[in-house]
Structure formats: C-alpha cells, structure tokens
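Summary of the model geometry
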Amino acid sequence: MNQRASISGLILAGGRGSRMGHVDKGLQPFRGSSMAAHVLARLAPQVGSVAINANQNLDTYAGFGVPVWQDDLAGFAGPLAGLETGMRRCQTSFLLTAPCDSPFLPPDLAERLLAALQEQDADLAFAATQEPGMRVQAHPVFCLVKTSLLPVLSAYLAEGGRRMDGWYKQLKAVEVLFDDADAFRNINTLDELHSLDNTRPPRLADVTSCVSSYDPDALPVRDAQRVIREFVQPVGAVEQVALRAALGRVLARDIVSPIDVPAHDNSAMDGYALRGSDLVLEGDTRLRVVGTVYAGRPSEAAPGPGECVRIMTGGVMPAGCDSVVPQEFVAEESADAIVLRPGTLRAGDNRRFAGEDLKAGSAALKAGKIIRPADLGLVASLGIAEVPVVRRLRVAFFSTGDELRSIGQALDTGSVYDSNRYTIYGMLQRLGCEIVDMGIVRDDPAALEAALRSACENADAIITSGGVSVGAADYTRQIMARLGDVTFWKIGMRPGRPLAFGRIASNGRSAFLFGLPGNPVAVMVSFYFFAREALLRMMGADAPLPLLRARSAGAIRKKPGRTEYQRGILAHGEDGAPQVRITGAQGSGILRSMSEANCMVVLHDEQGNVAPGDMVDVLMFDGLV
C-alpha cells in the first residue's frame, strides 16, 4: 500500500462558527464556491480518501460527494469531537485533519507530516510556523495522527478535556515547521472572508444555503437579519473632509494620535505639588512653598526635600514631584508654608501621567465610528484639521400604489395620502444619507421597471414601500426578480411580514434593494430592524440597535414562534425602575400610535404571553425616530 493510501483526510466543519456570527463557516461563499470546497480541493490529492465532520446542513455537505460524519460526542462542537469521530470511522492507519475555514492549506501537508512522524517514530505530527521576530506558532488542528490512539483521545474527552493541544501530552508529538504562515490562516470573521474573496460579490443563494432549514415563506427575524448582513458590501469610497464637516459621518480609517495626551505629567487639581516621600505618617507634614506653577506657562521650579510648589489644574508637574494635595485639604496655609494632617494624601494622588489619555501612535478613534460632537473635540485636541470619512451613501426611495396621493392633491374615493415617503425620508436623514426622493410610482409594470432602473443607476441602495406582498396588482415582485438577485420573504414577525431583499442591476450599475411592506407602521419596523443595519454596514459602520430591559406594566398577548414589535411608552415606575406600557391598538396601519410612543417593545420568537411585572426588551426611539 502506498503512503498516500494509508491516510484518510477529515475536514473539520462541526464547530458553531461563533466568531463569524454562528454561521456554518465551511459553507460560506468564497472565490466562486465555498471555503470547505477549497479545503477539499487541496486536501483530496494528498490522501487516500476524504470525509467531512459536520453537525448541520448535512445534505449540503453530502453534495460534495464524500462521507459526512456527525460528532459522536454530544454537547461539544469542537475540533477534538470531530477528531474522535474521524478516528472511529476511518479505515486507514493515519488520519489527517484540516479545518474548513483554512482554504490555503499547503499541497505537501500530508507528505511532510508523515515523513516527520516516521523519521522520529512519533505518535502524531502537526504543523507549525514562525514569522520573523516571532516565536513558533503551533497549529495542532492541522494534525496527522495514528488512528490506533483512539483510546487515548476518548479517555481524555471522557475526563472533560477539550483542548486540541492537551490530549497528546503523554504521547510523542513532533512539530513540522512550514514557511508560509498564510497557508494555515483561519478565516474567522465575515469581514475577513469578504476582504479575501476578490473574485465576485456573494450570491443570495450562497448566503441562504448556509441558513439551517431556510424557508422563504416562514423565515425567522434573526435569519433574515443574518442573510442581509452577510450579503451587503461596504461602498469603500473615502473622502477627506474638514473636521467640522465630519459630524455624523463614518470614519474611514483609524485616527492615530501624533502626540501624547497629555503631553506632560500634570496636576489634576488646584493645590500643591510635592514629593510623596515627604509625607509624615504619624504626624503633621510641614512643607515650605518655593514657587507657583500655572497651566500653560513654563516653570523652572524644582522643589527639594521638605518643599512644595503651588500648582494649578493642568500645570506641568515639577521635577521630583509625584503628588498633588488639593488646596481644600490643606490644614494650615501661609505665603511660604503649608501643613497637612496625617492621612490627608497618599503618594501619587492627583497626578495625571503623560500619555494617560492617549499615547503617541495609538488609535484615538477607530475606523467605522460614527463621528459625534465629543469626537470632534478629541480630534481637535490632537491638532488634526481633516479626517478621512466614507462617502455619503446615496439612497433612492419611492412608494408604489395607484391609491396613493401626494400632499396637496385631492383625495378620491379609496385613495390615501402617502405617508411612507415622509417617514422613510426622516429615517434616512437621521442616518446621514444622500437622499433621492422619486415620489409615487403607479401600479404599472413599465413605470415600475423604469423607476427601479433609474434608481439603480443613480444610487447605492433602493428602498420601496408597497408591492411586495402577493396580490393581483403587485407587479413589483416580478420586475425585481427580473432585474437582479432578489428574494421574497414572509418573515415571522408582526407587523411587517412581507419583505423583498437583494441586488438589482441596470446598464452596468447595481444597487441593494429593500422592498418594504406598504402599511405605515410595518414600514418603520422593517426599516429599523432590517434596512438600517444594512445601510450602516454599507457605510462601513457598526451600530447595532441598543435594546434596554424594562418591566412590563401590563399583560401582553403573544404567540411563540414569531417576533412582535409593539409600540410602547417607557417611564419610571413608583420604585424608580424603568417600566413600559403598550400604547393600545397595535394595527400596522395605525401610525398615530407610533407617534405617541417613545419606544418599541421587542418580543422575540421564543417568547409567549407577557405577565405584568415581566422583563421585556425595549428599543428607545430617541435618536432613531
């Protein structure tokens, strides 16, 4: 039997993918296929046979044409559980493991590990790398092991051991040094994955295939949010703007401090600077005043033992001084001396160190931050006049429906004024987008297609309201699908069940599309819980909705199995703790209740009826609506 035939390969895809947002990492789209497919293509030529260890999406992995083995060990989705499963099932003398998120593994991995194992008569061999100036980095998940060692591994797991590098401590293991550290690179975040995938943007089908039990007619809110998050891409364009013009913009690159802040050790108080070693523990401390130090003024004061200087807040600490006593703590004070009682001060008190706020060369603000007034002041304190920001996101929006009328038009029988464009305008304005209001588009296929094409050619994203449910006059669905990669969902939520999402193209330009429902409240709910995060992601920002916890003032009826968003009013209860009550009728067309509310009560899928006093999640409208 040749040496290659003596090795089985195992792709470890049984983890939870927690660092990537609990997605199935192996099935994430990457360079035209998936990460696991790339690992399989590199591993298969090196071994006699290959299998995949996976705990979800088993049918999808089976489509790779190799055996798929689930963990035998319950409750632990880690690499050792996969290794044990593989050692039990493979029929060869050796098993070689590789993680599903390392699509660059070297083509000679098996050959070199086996050679080292045999030359040193070892039990197992694993890869290691060493970058210049760094210590050796072991990669025990890239491991070639004798399958006869299964009892050792099983005993370790039975005792509660879970470390990949812990089970073989009593065995003979050999490290094999490889030159290319990138060959063993784990892709741990979606941003890292997208930055490396330089061939094409992901397809919706690629993303939805990674969602367990994906059903577009009954999609949970969390799954829809995840698909949108993984599908949209940042715009990337950067512009340099004057500091005052940066308010509300998204920082494109880190702001690195060119100086220490503060630049010198200085006083945090008005008082007297002194040597901590002069403090008397058992009696009064008497010090002679030899000068005064003012903030912003140079001083050559250099007090000796038994001396101090009067100092103002921000004044540079004189040489030899390490403590400041606030003026109000001084027991006796004259023009040339002060007296301190025992225990008044500890050595080092009220001294601010150079670089305490910021060290020169450190990041004062991180890329992706939405710049607020305090950030303007921070950047100004560094002497920086211009900052790099992501260009403004251009968003086009329109409403659909023959029944809609603009303000100023007469209402016919059965017609209503279009309120959605005004709420969408306000929400986009709050995000700092460049807005293109395309008005009302009638229920006509040609008009809808023309509007979508124009929006696509002139904007980064498109938001429509109405026309995405199933109805006789809802042409939007067919046209959206014809223009690009669009999916239509019935989401397990109330209000706002129908939603369209995807990307459309026209004349070489493309834009992400959010087809929101037509009911006014459903439009706002859908925007905040689906479109808002996606638009911020396109801007390069990460600003999740901050949910608070509050006590429910009354009972709320709720069926498990869907997410509900109820309009509420948050106030302080009699005990001062936050308490929320809903605003009454919660119909998706009752916009008045949205105006009266100051928050939204978020009742998640798994929740049922809420009793008075139960704690619930609350989204405050302040800053959003």
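Higher on the page you've got the structure.
Summarised in this report is the structure supplied together with it.

Calculation rules
- Residues numbered from 1 in each chain as written.
- Predicted model: local features only at pLDDT ≥ 70, side-chain atom pairs only at ≥ 80, totals over all residues.
- Heavy atoms only, no water.
- Core = buried A, V, L, I, M, F, W, Y, C linked by side-chain atoms within 4.5 Å.
- Buried < 20%, exposed > 50% of the residue type's maximum accessible area, 1.4 Å probe, protein only.
- Helix = DSSP H or I, 4+ residues; strand = E, 2+ residues; numbered from the N terminus.
- Contact = heavy atoms within 4.5 Å.
- Pairing = 2+ DSSP bridges.
- Axes fitted to C-alpha atoms, helices over the stretch in contact; angles between N-to-C directions.
- Arc of directions from axis to C-beta.
- Left-handed = near helix turned anticlockwise from the far one by under 90°.
- Nonpolar A, V, L, I, M, F, W, Y, C, P; charged D, E, K, R; others polar.
- Disulfide = S-S within 2.5 Å.
- Salt bridge = Lys/Arg side-chain N within 4 Å of Asp/Glu carboxyl O.
- Patch = residues over 30% accessible without salt bridge, like charges linked within 9 Å, V, L, I, M, F, W, Y side chains within 5 Å.
- Areas by Shrake-Rupley, 256 points an atom, 1.4 Å probe, with all protein chains shown as cover.
- Lys, Arg positive; Asp, Glu negative; His and termini not counted.
- Charge placed at Lys NZ, Arg CZ, Asp CG, Glu CD.
- Phe/Tyr/Trp six-rings, centres within 6.5 Å; stacked < 30°, edge-to-face > 60°.
- Parallel < 35°, antiparallel > 145°, perpendicular 65-115°, else oblique.

In this structure, Leu 80, Leu 83, Leu 96, Leu 109, Val 145 and Trp 167 are the most contacted members of the largest nonpolar core, which totals 61 residues. Of all the elements, helix H4 (residues 109–119) adds the most residues to this core, at six residues. In this structure Leu 96 touches Ile 7, Ser 8, Gly 9, Leu 10, Leu 43, Val 47, Leu 109, Ala 110, Leu 113, Cys 143 and Leu 144, once residues within four positions along its chain are discounted. Residues Val 221, Val 227, Ile 370 and Val 390 belong to the second largest nonpolar core, which totals 54 residues.

Right, let's get into the sheet that holds strand S26 (residues 461–465). Across the sheet, six strands lie side by side as S25-S22-S26-S30-S29-S27; this open sheet has mixed pairing. Each having just a single partner strand, strand S25 (434–441) and strand S27 (484–490) make up the two edges of the open sheet. Strand-to-strand, the axes of this sheet are offset by a mean angle of 15°, without reference to chain direction. Along the sheet, helix H8 (residues 221–231) makes contact with S27, strand S29 (498–506) and strand S30 (509–516), crossing S29 at roughly 15°. Where helix H11 (residues 445–458) meets the sheet, its contacts fall on strand S22 (394–400), S25, S26, S29 and S30, and the angle it forms with S29 comes to roughly 65°.

Before going further, it helps to examine helix H12 (residues 476–483). Listed as buried for H12 are Thr 476, Ile 479, Met 480 and Leu 483. For H12, the buried positions fall inside an angular range of 100° around the axis, keeping them on one side.

Time to look at helix H1 (residues 35–43). Buried within H1 are the following residues: Met 35, Ala 36, Val 39, Leu 40 and Leu 43. Seen along its axis, H1 keeps its buried residues to an arc of 135°; they face one direction.

Of all 10 residues in strand S32 (residues 563–572), seven are buried, a share of seventy percent or more. In this structure, strand S28 (residues 493–494) lies alongside S32, joined through two bridges in parallel fashion. By the bridge assignment, Arg 494 is partnered in S32 with Glu 564. Of the pairings in the sheet, the one linking S32 to strand S34 (residues 599–603) comprises five bridges and is antiparallel in character. Within S34, the residue paired with Tyr 565 across the bridge is Val 602. Judged from the five bridges that link them, S32 and strand S33 (residues 578–582) form a sheet pairing that is antiparallel. Opposite Leu 570, over in S33, you have Val 580 as the bridge partner.

A separate point is the packing of helix H3 (residues 79–89) against helix H5 (residues 150–158). Two numbers describe how H3 lies on H5: the axes approach to 10 Å, and their chain directions differ by 145°. Two packed elements cross with a definite hand, and for H3 against H5 that hand is left-handed. When H3 is examined against H5, the residues Leu 80, Leu 83, Glu 84, Met 87 and Arg 88 are found in contact with a partner set consisting of Leu 150, Leu 153, Ser 154, Tyr 156 and Leu 157. Within the contact of H3 with H5, the residues separate by chemical class into seven nonpolar, one polar and two charged.

What follows covers the sheet that holds strand S17 (residues 332–333). Within the open sheet, the six strands sit side by side as S16-S13-S15-S14-S18-S17. Their pairing is mixed. Taken across any chain shown, the strands that pair with only one partner, and hence form the sheet edges, are strand S16 (323–326) and S17. Two strands pair when backbone bridges link them, and strand S13 (residues 271–274) and strand S15 (residues 307–311) are joined in this way by three bridges, in the antiparallel orientation. From the neighbouring strand, Ala 273 faces S15, where its bridge partner is Val 309.

Once that is clear, we can look at the state of the cysteines. Considering all chains together, one arrives at zero disulfides under this definition. The thiol sulfur of Cys 433 is not disulfide-bonded, and the nearest other cysteine sulfur, from Cys 456, lies at 17 Å.

This part is about the pattern of salt bridges. If the charged atoms of two oppositely charged side chains come close together, the side chains can form a pair. This model, assessed by the stated rule, comprises 28 salt bridges. Arg 341 is the partner of Glu 332 in a salt bridge, and the nearest nitrogen-oxygen pair spans 3.6 Å. A relative accessible area of 38% places Glu 332 in the partly exposed class. Between Asp 349 and Arg 346 there is a salt bridge, with its nearest N and O atoms 3.8 Å apart. It is possible to trace a salt-bridge network through shared partners that takes in Asp 72, Glu 84, Arg 88 and Arg 89.

Our next topic: a negative patch on the surface. Taken together, the side chains of Glu 131, Asp 179, Asp 180 and Asp 182 make up a negatively charged region of the molecular surface. Checked against the element boundaries, Glu 131 lands in the loop between strand S7 (124–129) and strand S8 (137–146).

Here we take up the packing of aromatic side chains. Evaluation of the coordinates by the stated rule reveals 11 aromatic pairs. When the centroid spacing of 5.8 Å and the interplanar angle of 85° are considered together, the rings of Phe 231 and Phe 512 count as edge-to-face. With a gap of 281 residues between them, Phe 231 in helix H8 and Phe 512 in strand S30 connect regions that are remote in the sequence. For Phe 231, a relative accessible area of 0% translates into the label buried. The buried category is assigned to Phe 512, whose relative accessible area is 7%. Ring centres of Phe 527 and Tyr 528 lie 5.6 Å apart, and the angle between their planes is 85°; on these two criteria the pair is classed as edge-to-face. Across the pair, Tyr 528 and Phe 527 agree in class, each one buried.

Moving on to the environment of Pro 45. Within the fold, Pro 45 resides in the loop between H1 and strand S4 (49–54). Pro 45 sits 21 residues away from Asp 24 along the chain, and the two C-alpha atoms are 25 Å apart. Excluding anything up to four places from it in sequence, Pro 45 contacts Arg 4 and Leu 40.

Attention now moves to the packing of H11 against H12. Relative orientation and spacing of two packed helices are given, respectively, by the angle between their axes and the distance between those axes. Two numbers describe how H11 lies on H12: the axes approach to 10 Å, and their chain directions differ by 45°. By the criterion of interaxial angle, the relationship of H11 to H12 is oblique. The chirality of how H11 crosses H12 is right-handed. For the pair H11 and H12, contact is made by Pro 445, Leu 448, Glu 449, Leu 452 and Arg 453 and by Thr 476, Ile 479, Met 480, Arg 482 and Leu 483, respectively.

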